[in-house]
Amino acid sequence: VLNRTLKRYTDGVKWKFLEHKGPVFAPAYEPLPSNIKFYYDGKPMKLSLGAEEVGTFFAKMLDHEYTTKDIFRKNFFKDWRKEMTAEEKAKITDLNKCDFGDMHEYFKAQSEARKALSKEEKQKNKEENERILQEYGFCVMDNHKERIANFRIEPPGLFRGRGDHPKMGMLKRRIRPEDIIINCSKDSQHPKPPPGTKWKEVRHDNKVTWLVSWTENIQGAIKYIMLNPSSRIKGEKDWQKYETARRLKKCVDRLRAQYRDDWKSKEMRIRQRAVALYFIDKLALRAGNEKEEGETADTVGCCSLRVEHITLHPEKDGKEYVVEFDFLGKDSIRYYNKVPVEKRVFKNLQLFMENKQPEDDLFDRLNTTILNKHLQELMDGLTAKVFRTYNASITLQQQLKELTSPEDNVPAKILSYNRANRAVAILCNHQRAPPKTFEKSMQNLQSKIDAKKEQLSDAKRELKSAKADAKVRRDEKSKKAVECKKKAVQRVEEQLMKLEVQATDREENKQIALGTSKLNYLDPRISVAWCKKWGIPVEKIYNKTQREKFAWAIDMADEDFEF
DNA sequence: TTAGTAACTTAGGAGTACAGAT
DNA sequence: ATCTGTACTCCTAAGTTACTAA
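Keep in mind it's a predicted model, so treat the numbers as computed, not measured.

Participant: Lay out the layout of surface pockets with the relevant residues and their values.
Facilitator: Gaps left between atoms are located by rolling a probe of water-molecule size over the structure's atoms. Here the second largest pocket defines a volume of roughly 1,400 Å³. Contributing to the lining of the second largest pocket are 41 residues, with Pro 27, Phe 57, Lys 60, Pro 155 and Pro 156 lying nearest its centre. Elements with a contribution of two residues or more to the lining of the second largest pocket: α2 (49–60), α5 (101–115), β7 (157–158) and β12 (222–225). Per-element accounting of the lining of the second largest pocket gives the leading share, seven residues, to α5. In terms of residue class, the lining of the second largest pocket is made up of 22 nonpolar, seven polar and twelve charged. Residue contributions to the lining of the second largest pocket reach at least three from each of two domains, namely domain 1 (18–25 + 135–228) and domain 2 (38–116).

Written as structure tokens, this is what we have:
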């Protein structure tokens, strides 16, 4: 099977037959009821349909912090004015004089109403959704019916970038059939555009995996409709990714020796390459492509680090040669870390920073293309991101070995699994905002624990008196009562432990997102093998969707699997 | 060497369904 | 039966990588 897969990926052919029904478009705009008014400068004003629609996008977001930001407001207002009639444009000149309050209240009420729908109506909606899923959510690729991931076209709205995005608030326009490129096989039933419309193009390119594409208007990027992770094509690719990482495992010692040697190179570009690679390997940093200034939020990865992102400490907290990292990475998530490094690395960094301004590139002789070219020469298929996959997976495997105690019960073993998973998430810097309900839910759990402790001391007291009773009476009945109370104590003790484990787990997880590494970095065969070895049901580790995505691994791995 | 295009993976948050508590 | 907190699903932005052409 691997050979067949590899062959498919070397000749570039992804499928022989592909048939689907095309995308589901966003529902048409529904005009506001006439009693819901927009006010300009305190006076009600009836907007044209186009202007009203874009206005509602803003109105819906009113209680979001976004709408208070200058850039957001400026971008929104600029794009909104483009949708206005000449008269509206002449009149509406100041966003601060716009009152969307009524509109906002109306949408809030609508969402309340949706929540309050009767059971029957909710059921009806569910059935309608299911019908659409059945009709548009599947395709036939070669001999299989496969689930499509995102078969619904993104609805229009206001662009919300992450972090300090210069384009936040811009209008994301509605996608029409005329914007859509369909990809399917010649000999399939081609999807039909909605009545009275045409596709932009229908093509038959079996060297790509997407079914539908269009160009988005904010960044000019192409968006795709592709298959679900449970599909053959995604599963094989995922498997291949982990096989590449396992090949890296076999030669990583050689590579490490090599880059350590390169720290001493006469050539600056080689030293930079070697230090960057050390960071990527040791700290699991991303490659770090250059980005167009002013088009996106200012974030960096390894190759695009600037002098201002690191501070060198010859000594810090009793350790020598400490590098302090502080920068915004993907999604504007902050990376903050103080790392002791080898003396040679430290000296090299000093050299790279000499005579530079804070905003200058740390690695001025390096970029991701150069780095990946070099990696490709070291190992077939090796790129910067393989190190993240490799280090994540090997860390999970090591941590599981270290943390799993054979005598532990199932919940304690699962806690160990989560801790191993957490070690990986910390390595990869997968963070989340603490859940809004975190404090409260912690308190709730604590009171449950307190109640359980109370219950336990009660149970113990009862056991004691039953024992005393049995000593006096010396009959079968009271002996049985003692046994019964003993069991009760045990049961409560177990329940208490379970709660305490849960509390620890949750506390340690406050700001850490486990999902990303679980889904994208950890070879699922490691987890499957661990489950088999310790008799943990795989359902405790992977939910239904995850089991579908990792079906190939659940099938394949036995308890001796080694990454 | 650089810029641009295309295709695909990785990412955190919003919204919602559902399960367990009351 | 209703309420509430959580887990899961969906959404789509933001990365990486390969490739082409000037």
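After that view of the structure, there is still more to cover.
Participant: Can you lay out the protein's contact with DNA strand B for me, pointing to particular residues and giving the numbers?
Facilitator: Taken together, 27 residues lie near DNA strand B, and Lys 234, Lys 330, Arg 388, Thr 516 and Tyr 521 sit nearest. The share of sugar and phosphate among atoms of DNA strand B within 4 Å of the protein is 87%. Contact distances for DNA strand B include 2.8 Å between a phosphate oxygen and a side-chain N or O atom of Lys 241. The contact in question runs from a phosphate oxygen of DNA strand B to an N or O atom on the side chain of Arg 388, over 2.7 Å. Elements represented by at least two residues in the surface near DNA strand B include exactly β12, α7 (232–262), α11 (384–403) and α15 (515–520). Here the surface near DNA strand B gets three residues from one element, more than from any other, and that element is α7. A breakdown of the residues in the surface near DNA strand B according to their chemical character gives eight nonpolar, six polar and 13 charged.

Participant: Break down the packing of helix α12 (residues 410–427) against helix α14 (residues 476–508) for me, citing the residues and quoting the values.
Facilitator: Look at α12 against α14: their axes get within 10 Å of each other, and the N-to-C directions meet at 5°. Classified by the angle between their axes, α12 and α14 sit roughly parallel to one another. For the pair α12 and α14, contact is made by Pro 411, Ala 412, Leu 415, Asn 418, Arg 419 and Arg 422 and by Met 497, Lys 498, Val 501, Thr 504, Asp 505 and Glu 508, respectively.

Participant: Give a detailed account of the nonpolar core, specifying residues and quantitative values.
Facilitator: The tendency in soluble globular proteins is for nonpolar side chains to be buried side by side. By size, the foremost hydrophobic cluster in this structure holds 76 residues, and its most contacted members are Leu 248, Phe 279, Leu 285, Leu 305, Phe 325, Leu 349 and Phe 363. Residue contributions to this core reach at least three from each of two domains, namely domain 3 (234–383) and domain 4 (392–556). Residues contacting Leu 248, with those up to four places away along its chain left out, are Leu 255, Met 379, Leu 382, Val 386, Phe 387 and Tyr 390. Judged by nonpolar contacts, the second largest core, of 27 residues, contains Leu 95, Met 103, Leu 158 and Leu 171.

Participant: Give me the lowdown on the state of the cysteines, citing residues and values where you can.
Facilitator: All told, the structure shown has zero disulfides when counted by the stated rule. Summary of cysteine pairing: Cys 251 is not part of a disulfide, and the nearest cysteine sulfur, belonging to Cys 302, is at 19 Å. A residue is classified by how much of its surface remains accessible, and Cys 251, at 10% relative accessible area, is buried.

Participant: Give me the pairing of strand β11 (residues 212–215): which residues, what numbers.
Facilitator: Sheet topology places strand β9 (residues 181–183) next to β11; two bridges connect them, and they run antiparallel. In the sheet register, Ile 181 faces β11, and the bridge partner there is Ser 213. Here β11 runs beside β12; their pairing, made up of four bridges, is antiparallel. Each bridged residue has a counterpart across the sheet, and for Thr 215 the counterpart in β12 is Ile 222. In this structure, the hairpin formed by β11 and β12 is closed by a connection of six residues, where Gly 220 is found at a positive phi of approximately 75°.

Participant: I'd love a proper account of the protein's contact with DNA strand C, names of residues and values included.
Facilitator: Lining the immediate environment of DNA strand C, one finds 31 residues, of which Arg 162, Lys 223, Gly 288, Lys 385 and Thr 545 sit closest. Here DNA strand C approaches the protein such that, of its atoms within 4 Å, sugar and phosphate make up 89%. Among the residues forming the surface near DNA strand C, the class breakdown is four nonpolar, 13 polar and 14 charged.

Participant: An account of helix α10 (residues 368–378) is needed here, citing residue identities and associated values.
Facilitator: Among the residues of α10, Thr 368, Leu 371, His 374, Leu 375 and Leu 378 are the ones counted as buried. The buried residues of α10 occupy an angular sector of 130° when the element is viewed end-on, so they sit on one face. The exposed residues of α10 that point more than 90 degrees off its buried face are Lys 373 and Glu 377. Packing partners of the buried residues in α10 comprise α7, α8 (268–283) and α11.

Participant: How would you summarise the sheet that holds strand β1 (residues 18–19) if you had to cite specific residues and measurements?
Facilitator: For sheets, the rule is that strands pair by backbone hydrogen bonds, running either parallel or antiparallel. Read across the sheet, three strands follow the order β1-β5-β6 without closing on themselves; strand pairing throughout is antiparallel. Two strands bound the open sheet, and with one partner strand each, they are β1 and β6 (144–147). Relative to β6, strand β5 (residues 138–141) is paired through four bridges, and the arrangement is antiparallel. Paired with Cys 139 across the two strands is Glu 146, which belongs to β6.

Definitions and limits used
- Residues numbered from 1 in each chain as written.
- Chains lettered and ligands numbered in written order.
- Predicted model: local features only at pLDDT ≥ 70, side-chain atom pairs only at ≥ 80, totals over all residues.
- Heavy atoms only, no water.
- 1 Å grid on protein atoms, 1.4 Å probe; cavity = no way out; pocket = protein on both sides within 12 Å on 5 of 7 lines; lining within 4 Å.
- Points joined across faces, edges and corners; volume = space filled by probe spheres on them.
- Helix = DSSP H or I, 4+ residues; strand = E, 2+ residues; numbered from the N terminus.
- Nonpolar A, V, L, I, M, F, W, Y, C, P; charged D, E, K, R; others polar.
- Domains from an automatic or database assignment.
- Near = heavy atom within 4 Å.
- Polar contact = N/O pair within 3.5 Å; in protein donor to acceptor, adjacent residues only side chain to side chain.
- Axes fitted to C-alpha atoms, helices over the stretch in contact; angles between N-to-C directions.
- Parallel < 35°, antiparallel > 145°, perpendicular 65-115°, else oblique.
- Contact = heavy atoms within 4.5 Å.
- Core = buried A, V, L, I, M, F, W, Y, C linked by side-chain atoms within 4.5 Å.
- Buried < 20%, exposed > 50% of the residue type's maximum accessible area, 1.4 Å probe, protein only.
- Disulfide = S-S within 2.5 Å.
- Pairing = 2+ DSSP bridges.
- Arc of directions from axis to C-beta.

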